Structures are given as structure tokens and as C-alpha cells.
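Residue-level structural notes
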Amino acid sequence: MIKGFLAYELAIQLNRKIVQIELKGSMRDQIERASQSVVLNLAEGSAKPTKRDKIRFYAIAFGSIREIQAGFDLIQLKDAQILDLADHIAACLYKLTYPK
């Protein structure tokens, strides 16, 4: 595990919560794969040597969290804790992707 990387740690938490949501068929597969993409792209990006390379992977992770949030809209998820966690991750990824 990557220690001290908040976005990564939050993404792990979200993935663990997502696998507990009762979904069927393609939506389950899509949301689970997107949550895995967030975690894996954060991990890979954190290992890249240049800022440009890091940002590229963080941008992919940002797209995946937005995909998760859209999936939550489609299934009309009402779990405030999961929705807030996804929002927090999206905010972290926005800052990583668009640093000042």
C-alpha cells in the first residue's frame, strides 16, 4: 500500500464500499472496473518520474471517478457516505490533475 497518499487511500476505501453494493450485470462490472482504474492509475502515476507523466495518470483516474459518479446517478444511489467519499476523491484528483 502507498502510505500517506490521501487520494489513493480514499480510492481504496471507495473500492471496498463499491464491491458491497448490490448491483446486477453490466453496471456492476462498469462501476467496479472504474473504481479499480482510479486506484491503479493513482498508484502508477505516483511512480512516474516527471510531473507531466504523473498528471497524465491522475487525469485518467479523474475520468474514472467521474464515470463512477455518473454510474451512481444512473442507479440512483442514495448512500450519502459513499457519495461524499466519491466527491472527496474527485476533489483530490482535480487538484492533482490541475495543479497551480
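All values derive from a computational prediction rather than experimental measurement. (Residues numbered from 1 in each chain as written. Predicted model: local features only at pLDDT ≥ 70, side-chain atom pairs only at ≥ 80, totals over all residues. Heavy atoms only, no water.)

1. Quick word on the packing of helix α1 (residues 6-18) against helix α2 (residues 25-46)
Remark: α1 packs on α2, axes separated minimally by 9 Å, with the N-to-C direction vectors making an angle of 160°. Here α2 runs roughly antiparallel to α1, going by the angle between their axes. In this structure, α1 crosses over α2, and the sense of that crossing is left-handed. Of the residues in α2, those touching α1 at Ala-7, Tyr-8, Ala-11, Ile-12, Asn-15 and Ile-18 are Arg-28, Ile-31, Glu-32, Ser-35, Gln-36, Val-38, Val-39, Leu-42 and Ala-43. For the contact of α1 with α2, the per-class residue count stands at 10 nonpolar, 3 polar and 2 charged. (Axes fitted to C-alpha atoms, helices over the stretch in contact; angles between N-to-C directions. Helix = DSSP H or I, 4+ residues; strand = E, 2+ residues; numbered from the N terminus. Parallel < 35°, antiparallel > 145°, perpendicular 65-115°, else oblique. Left-handed = near helix turned anticlockwise from the far one by under 90°. Contact = heavy atoms within 4.5 Å. Nonpolar A, V, L, I, M, F, W, Y, C, P; charged D, E, K, R; others polar.)

2. Structural notes on the packing of aromatic side chains
Two aromatic rings are characterised by how far apart their centres lie and by the angle between their planes. Within the structure shown, the criterion is met by 4 aromatic pairs. For the ring pair Phe-62 and Tyr-98, a centre distance of 6.3 Å and an interplane angle of 80° mean the geometry is edge-to-face. Placement of the pair is Phe-62 in helix α3 (residues 51-75) and Tyr-98 in the segment after α4 (80-97), with a sequence separation of 36 residues. With relative accessibility at 12%, the residue Phe-62 sits in the buried group. Taken together, the aromatic side chains of Phe-62, Tyr-94 and Tyr-98 make up a single cluster linked through ring pairs. (Phe/Tyr/Trp six-rings, centres within 6.5 Å; stacked < 30°, edge-to-face > 60°. Buried < 20%, exposed > 50% of the residue type's maximum accessible area, 1.4 Å probe, protein only.)

3. Brief notes about the environment of Asp-73
Along the polypeptide, Asp-73 turns up in helix α3. Owing to a relative accessible area of 60%, Asp-73 belongs among the exposed residues under this scheme.

4. Some words on the side chain of Ser-37
Inspection of the secondary structure assignment puts Ser-37 in helix α2. Overall, Ser-37 belongs to the buried group, its relative accessible area being 18%. Beyond its immediate stretch of four places on either side in the chain, Ser-37 contacts Ile-60 and Ser-64.

5. Considering the confidence of the model for the protein
Low pLDDT marks regions whose predicted coordinates should not be analysed in detail. Across the protein, the average pLDDT comes to 96, with 99% of residues at 70 or higher. The lowest-confidence element of the protein is α2, averaging 96 in pLDDT; the highest-confidence one is α4, averaging 98. (pLDDT = per-residue confidence, 0-100.)

6. Some details on α4
For α4, built from 18 residues, the straight-helix expectation of 26 Å at 1.5 Å per residue is met to within 8% by its first-to-last C-alpha distance of 25 Å. Listed as buried for α4 are Ile-82, Leu-85, Ala-86, Ile-89, Ala-90, Cys-92, Leu-93 and Thr-97. Down the axis, α4 shows its buried residues gathered within 165° of arc, on one side only. Of the residues in α4, the exposed ones pointing more than 90 degrees away from the buried face are Gln-81, Asp-84 and Lys-95. On its buried side, α4 packs onto α1, α2 and α3. Structurally, the start of α4 carries an N-cap: the backbone nitrogen of Gln-81 is 3.0 Å from a side-chain oxygen of Asp-79. (Expected span 1.5 Å × (residues − 1). Arc of directions from axis to C-beta. Polar contact = N/O pair within 3.5 Å; in protein donor to acceptor, adjacent residues only side chain to side chain.)

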